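What the coordinates show
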Amino acid sequence: MTRLSSNTTLVNVVGLLGAIILLYVYLSSSATGFLNLSNQLGLLRQAALVGVAATGMTLVIIAGEIDVSVGPAVALSSVIVAESVHNWGLPTIVAIIVTIIFAVTWGAVAGALRARFRVPSFIATLGLWSILRGIGQFWTNAIPVPLPDSDPIMNVLAGSIFGVPTPAWGMIIIFLVIAFVARRTSYGRSVFAIGGNAAAARLAGINVARVRIILFATMGLLAAISGIFLAARLGSGNAGAADGLEFDVIAAVVIGGTAMSGGRGSLIGTFLGVIFITLIGNGLVLLGVNSFLQNVIRGAIIVAAVLLNVTLSRRRSSQSED
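Everything numeric in this text was worked out from a predicted model, so none of it was measured.

1. Describing the packing of helix α3 (residues 70-86) against helix α10 (residues 208-234)
Interhelical geometry of α3 versus α10 gives an angle of 55° and a closest axis separation of 7 Å. With respect to their mutual orientation, α3 and α10 come out oblique. You can see that α3 and α10 cross each other, and the crossing is right-handed. Listed contacts from α10 to V70, A73, V74, S77, S78 and V81 of α3 are M219, A223, A224, S226, G227, I228, L230 and A231. Taken together, the residues of the contact of α3 with α10 sort by class into 10 nonpolar, four polar and no charged.

2. Quick look at the UniProt feature "transmembrane region" (unreviewed entry) in the protein chain
Sites flagged by UniProt as "transmembrane region" (unreviewed entry) map to residues 12-35, 47-68, 88-109, 121-140, 160-182, 213-232, 267-289 and 295-312. What you have in residues 47-68 is 73% helix and 0% strand, and the ends, taken at the C-alpha atoms, are 19 Å apart. Taken end to end, residues 160-182 is 74% helix and 17% strand, and its first and last C-alpha atoms sit 29 Å apart.

3. Examining a nonpolar patch on the surface
Together, V156, I161, F162, W169, I172, I173, L176 and V177 line one region of the surface with nonpolar side chains, adding up to about 800 Å² of accessible area. The biggest single contributor to the nonpolar patch is helix α7 (residues 166-184), with five residues. Along the chain, I173 turns up in helix α7.

4. So, the side chain of S77
On the secondary structure map, S77 appears in helix α3. Under the relative-accessibility criterion, S77 is labelled buried at 0%. Within polar-contact distance, the side chain of S77 engages the backbone oxygen of A73 at 2.8 Å. Residues in contact with S77, not counting those within four places in the same chain, are T99, A103, W106, A223, A224 and G227.

5. Brief notes about the pattern of salt bridges
All told, the structure shown has three salt bridges when counted by the stated rule. Where R212 meets E65, a salt bridge forms, and the shortest distance between an N and an O atom there is 3.2 Å. With R212 in helix α10 and E65 in the loop between α2 (37-62) and α3, the pair connects residues that are 147 residues apart, well separated along the chain. Exposure class is identical for R212 and E65. Each is buried. A cluster of three or more residues bridged by salt bridges with shared partners is formed by E65, R114 and R212.

6. Points about the environment of I161
Relative to the helices and strands, I161 is located in strand β2 (residues 160-161). What makes I161 partly exposed here is its relative accessible area of 34%. Ignoring anything within four residues of it in the chain, the contact list for I161 reads T166 and W169.

The rules behind each value
Residues numbered from 1 in each chain as written. Predicted model: local features only at pLDDT ≥ 70, side-chain atom pairs only at ≥ 80, totals over all residues. Heavy atoms only, no water. Axes fitted to C-alpha atoms, helices over the stretch in contact; angles between N-to-C directions. Helix = DSSP H or I, 4+ residues; strand = E, 2+ residues; numbered from the N terminus. Parallel < 35°, antiparallel > 145°, perpendicular 65-115°, else oblique. Left-handed = near helix turned anticlockwise from the far one by under 90°. Contact = heavy atoms within 4.5 Å. Nonpolar A, V, L, I, M, F, W, Y, C, P; charged D, E, K, R; others polar. UniProt positions renumbered as here; feature names shortened; annotations may be inferred. Patch = residues over 30% accessible without salt bridge, like charges linked within 9 Å, V, L, I, M, F, W, Y side chains within 5 Å. Areas by Shrake-Rupley, 256 points an atom, 1.4 Å probe, with all protein chains shown as cover. Salt bridge = Lys/Arg side-chain N within 4 Å of Asp/Glu carboxyl O. Buried < 20%, exposed > 50% of the residue type's maximum accessible area, 1.4 Å probe, protein only. Polar contact = N/O pair within 3.5 Å; in protein donor to acceptor, adjacent residues only side chain to side chain.

Shown next, in the form of structure tokens:
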């Protein structure tokens with residue numbers, strides 16, 4: 001079983017690397033300005049927005065769950081940190097801590113609804129999606145909340161370190177941490193076990209409810225981090241920001257080879273899936289594709305990529321059984 005999973009992961013990784021290389025070659029020759037340094041740095045910033053949340057989503061989906069509240073969670077987090085600094089007069093570091101506490105709390109509540117009351121995670125987080133979006137828009141009247149221009153911490157978060165955007169460094173560090181947790185800790189092994197068979201995991205002594213609550217609390221934490229990075233980049237908190245982000249996050253994870261049924265997934269695949277999704281979005285803009293058609297094309301490409309991965313995985317599975 002382990003060998004099969006490793007072979008499937010390798011197929012996904014190789015396939016995604018090939019697709020990314022082809023995209024780079026095509027966009028370099030067809031999209032004006034694609035290889036410009038400013039555009040490449042912009043790609044890294046956008047990839048970080050998707051990637052930070054996608055790391056947590058990978059574990060959530062491996063556990064056989066789903067979280068569709070990511071977009072509003074990121075947007076509301078940007079509002080909370082901006083409100084904390086602009087209107088409440090809190091120091092920036094305290095505002096960041098307050099934002100994280102709020103986000104972890106609402107994530108844990110969603111996890112408790114799933115773990116303690118057996119509410120399907122899709123329903124629990126769909127309700128959370130509406131609640132968080134509504135709170136943000138009601139709170140701000142859908143008007144951006146500005147951050148001080150001279151805030152040193154936000155300037156660092158919006159800037160670069162050694163020429164690489166700070167959010168990209170954050171994404172890489174979070175990927176490494178989550179990858180270590182997934183593969184080298186008992187908690188990570190519990191996530192895979194629950195996704196494979198929750199009843200068997202419970203009989204084996206795993207506290208399934210606790211693992212699920214931690215998973216969704218972690219999603220809240222990562223949404224807060226993404227929201228803080230977004231607020232720093234925009235210079236404000238915006239309740240209408242990150243619209244549709246949850247679809248890019250889930251698509252990146254699934255394209256990366258994580259099974260929607262749970263029990264199987266790869267952080268490396270998710271990382272490449274994030275790059276793939278980001279390249280598609282950036283390329284469509286640079287190619288001047290009609291904005292109404294962009295979602296159609298992105299959706300078609302994502303479905304095709306997922307179908308290809310599923311086909312390759314099934315073929316590899318049948319060959320292993322033979």
